[in-house]
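# Architecture at a glance
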Amino acid sequence: MDNREQMRRLIDVIEKSANNSSLTQAIDDIRLFSNTASFLANKLDTRLRNKDVAMKRAAPKTTKTVGLSKPPMPKTLNVPNNAEPNSQAPTVTAVSQADFDRLKPQKPQSTL
């Protein structure tokens, strides 16, 4: 006898006992069967989703390389999450040669 046949017989037993036993007992039996079936269905569904995720996450095989390896570059900037939407975010500006020239020491000018 296979599992499907056993399941069909169990359902038949539940149906027959619902007709022969008290109403409260039949309701309790059907609720127990229903909750157990729901639990098993959810458990199998979770296993199926986890298996799909594991298959998608499978990393390609790594190959050996010769030479120095570089550390991986970060994909995103570290921006604090607690910034208010209207607050001014820091901006990056370019530095020109004129900016460096202003920082150099200058000769004192002679008087006229």
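Given the structure is predicted, the values throughout are model-derived calculations rather than measurements.

Cut-off values and rules
- Residues numbered from 1 in each chain as written.
- Predicted model: local features only at pLDDT ≥ 70, side-chain atom pairs only at ≥ 80, totals over all residues.
- Heavy atoms only, no water.
- Helix = DSSP H or I, 4+ residues; strand = E, 2+ residues; numbered from the N terminus.
- Buried < 20%, exposed > 50% of the residue type's maximum accessible area, 1.4 Å probe, protein only.
- Areas by Shrake-Rupley, 256 points an atom, 1.4 Å probe, with all protein chains shown as cover.
- Salt bridge = Lys/Arg side-chain N within 4 Å of Asp/Glu carboxyl O.

### Things to note about the overall build of the protein chain
Regarding its fold elements, the protein chain presents three helices and zero strands. From first element to last, N terminus to C terminus, the protein chain shows the α and β order α-α-α. The buried share of the protein chain, taken over its 112 residues, is 2%. When the accessible area of the protein chain is evaluated, it comes to approximately 12100 Å², of which 57% is carbon and sulfur surface.

### Focus on the pattern of salt bridges
The final tally for this structure, using the stated rule, is two salt bridges. Between D45 and R49 there is a salt bridge, with its nearest N and O atoms 2.5 Å apart. Of this pair, D45 and R49 both sit in helix 2 (residues 23–56), four residues apart, which is roughly one turn of that helix. By relative accessible area, D45 is classed as partly exposed at 34%.

Read these as layout, nothing more, since geometry by itself doesn't imply function.
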